[in-house]
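As a plain string of letters, each chain reads:
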Amino acid sequence: MEYKYLTEKLRNKIDYYVNKYPVKEQAIIPSLHEILYEYRDIPHEAMEELSIYLKVPLNDIEGIVSFYDMFRHPKHGAKNHIRVCRNLPCHLGNYKNLLKMLEKLTGAKAGETSIDKNWYIELVECIGSCAIAPAFLINDDLYDGSKIKSEEDLKDILSKYV
Ligand code: FES
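The written sequence of each chain sets the order in which its residues are numbered from 1. It should be noted that, the model being predicted, local features are given only for residues of pLDDT at least 70 and side-chain atom pairs only at 80 or more, the latter also being counted only at that level, while totals for whole chains, interfaces and linings use all residues. For the side-chain quantities, the full set of heavy atoms in the structure was used; hydrogens and water were omitted.

Caption draft 1: Fine view of the packing of helix H3 (residues 44–54) against helix H4 (residues 58–67). Inter-axis angles, ranging from 0 to 180 degrees, are taken between N-to-C directions of lines fitted to C-alpha atoms, where helices are fitted over the stretch in contact. The numbering of helices and of strands both runs from the N terminus, where a helix is a DSSP run of H or I of at least 4 residues and a strand a run of E of at least 2. At their nearest, the axes of H3 and H4 sit 9 Å apart, and the two run at 135° to each other. With respect to H4, the element H3 is oriented oblique. For the crossing formed where H3 meets H4, the hand is right-handed. Only Leu58, Ile61, Glu62 and Val65 of H4 make contact with H3, whose side of the interface consists of His44, Met47, Glu48, Leu50 and Ser51. Three classes are used, and their members are as follows: Ala, Val, Leu, Ile, Met, Phe, Trp, Tyr, Cys and Pro are nonpolar, Asp, Glu, Lys and Arg are charged, and the others, Gly among them, are polar. Class assignment of the residues belonging to the contact of H3 with H4 gives a composition of 5 nonpolar, 2 polar and 2 charged. In what follows, roughly perpendicular refers to angles from 65 to 115 degrees, roughly parallel to angles under 35, roughly antiparallel to angles over 145, and oblique to any angle outside these ranges. Helix crossings get a hand from a simple test, with the near helix turned counterclockwise from the far one by less than a right angle marking a left-handed crossing and a clockwise turn marking a right-handed one. The contact criterion used throughout is that any non-hydrogen atoms of two residues lie within 4.5 Å.

Caption draft 2: Spatial organisation of the domain arrangement of the chain. Split by domain assignment, the chain resolves into domain 1 (8–67) and domain 2 (80–161). Marked domain ranges trace back to an automatic or database domain assignment. For domain 1 versus domain 2, the separation of C-alpha centres amounts to 25 Å.

Caption draft 3: Just the nonpolar core, in detail. By size, the foremost hydrophobic cluster in this structure holds 25 residues, and its most contacted members are Ile82, Val84, Leu102, Phe136, Ile138 and Leu154. Breaking this core down by element, the ones donating at least two residues are strand E1 (80–85), helix H6 (95–106), strand E2 (119–124), strand E3 (135–138) and helix H7 (151–158). Counting residues per element, this core draws most heavily on H6, which supplies 5 residues. Among residues more than four places away in sequence, those in contact with Ile138 are His81, Ile82, Trp119, Tyr143, Ile157, Leu158 and Tyr161. Residue types Ala, Val, Leu, Ile, Met, Phe, Trp, Tyr and Cys, when buried and joined through side-chain atoms within 4.5 Å, form a set referred to as a nonpolar core. Relative accessibility under 20% of the residue-type maximum defines a buried residue, over 50% an exposed one, and the middle range a partly exposed one, all with a 1.4 Å probe and only protein chains included.

Caption draft 4: Layout of unusual backbone geometry. Looking along the chain, the bond that leaves Ala133 and enters Pro134 is cis, with omega of -5°. On the secondary structure map, Pro134 appears in the loop between E2 and E3. Positioned with a positive phi, Lys55 is a non-glycine residue whose angle comes to about 55°. Take Lys55: it is sitting in the loop between H3 and H4. Not every positive phi belongs to a glycine, and Asn139 is a case in point at roughly 55°. In this structure, Asn139 sits in the loop between E3 and strand E4 (141–144).

Caption draft 5: Spotlight on the pattern of salt bridges. What makes a salt bridge here is a side-chain nitrogen of Lys or Arg within 4 Å of a carboxyl oxygen of Asp or Glu, nothing more. By the definition in use, this model includes 8 salt bridges. Between Asp144 and Lys147 there is a salt bridge, with the nearest N and O atoms lying 3.9 Å from each other. Taking the relative accessible area as the measure of exposure, Asp144 reaches 17% and is therefore buried.

Caption draft 6: Fine view of H6. By definition here, a helix of n residues has an expected span of 1.5 Å times n minus one. With 12 residues, H6 ought to run about 16 Å at 1.5 Å a step, and its terminal C-alpha atoms sit 16 Å apart, in line with that. Buried within H6 we find Tyr95, Leu98, Leu99, Met101, Leu102, Glu103 and Thr106. On its buried side, H6 packs onto E1, helix H5 (88–92), E2, E3 and H7.

Caption draft 7: Representation of H4 within the structure. Turning to H4, its buried residues are Ile61, Ile64 and Val65. For H4, the arc enclosing every buried residue in end-on projection is 95°, short of the 170-degree limit, so these residues lie on one face. Residues of H4 that are exposed and angled more than 90 degrees away from the buried face: Asn59 and Phe67. Elements that come into contact with the buried residues of H4 comprise helix H2 (28–39) and H3. Directions drawn from the helix axis to the C-beta atoms are what define this arc.

Caption draft 8: Molecular detail of the sheet that holds E4. Two strands form a pair only when DSSP identifies at least two bridges running between them. Strands sit in the order E2-E1-E3-E4 across an open sheet of 4 strands; the sheet is mixed. Looking at strand neighbours, the two that pair on one side only are E2 and E4, the edges of this open sheet. With direction set aside, neighbouring strand axes in the sheet form an average angle of 20°. In the sheet, E1 pairs with E2 via 6 bridges, with the strands oriented parallel. What sits directly across from Cys85, in E2, is Val124.

Shown next, in the form of structure tokens:
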């Protein structure tokens, strides 16, 4: 079959996830991340191709895309999009402290874009990474907030994006 969106490069990445996880359904989320990274969006045709490639129902993929905020197209005008999870495991992991540091270091408040347009911070529902609560994403890169012990740690991470 000819794929329009799942290029050979993307299919190689998807194969990696399929081989990595015991159940192929577990490859859906990382594959969607790869698609998002490549196209900055998840076109419906790409979902259809992923469904065919992984041999999983299209409904399952559509359900994941509509459930997770991180797969919705960002509309904020900033260079970088930070998504901080605020659901229960991340709440217990003290996402508020993480958010406070992020707001201080970026100059953006949750739901706002910083004046320099470098950062937009969004509070989101579960991003499927509860094991590393408080989890956050910068663009498509996932971070384990529990490893951030100081502002310096966070500064090091943020400095990669400006
Ligand atoms: S609750 Fe935060 S990643 Fe799931």
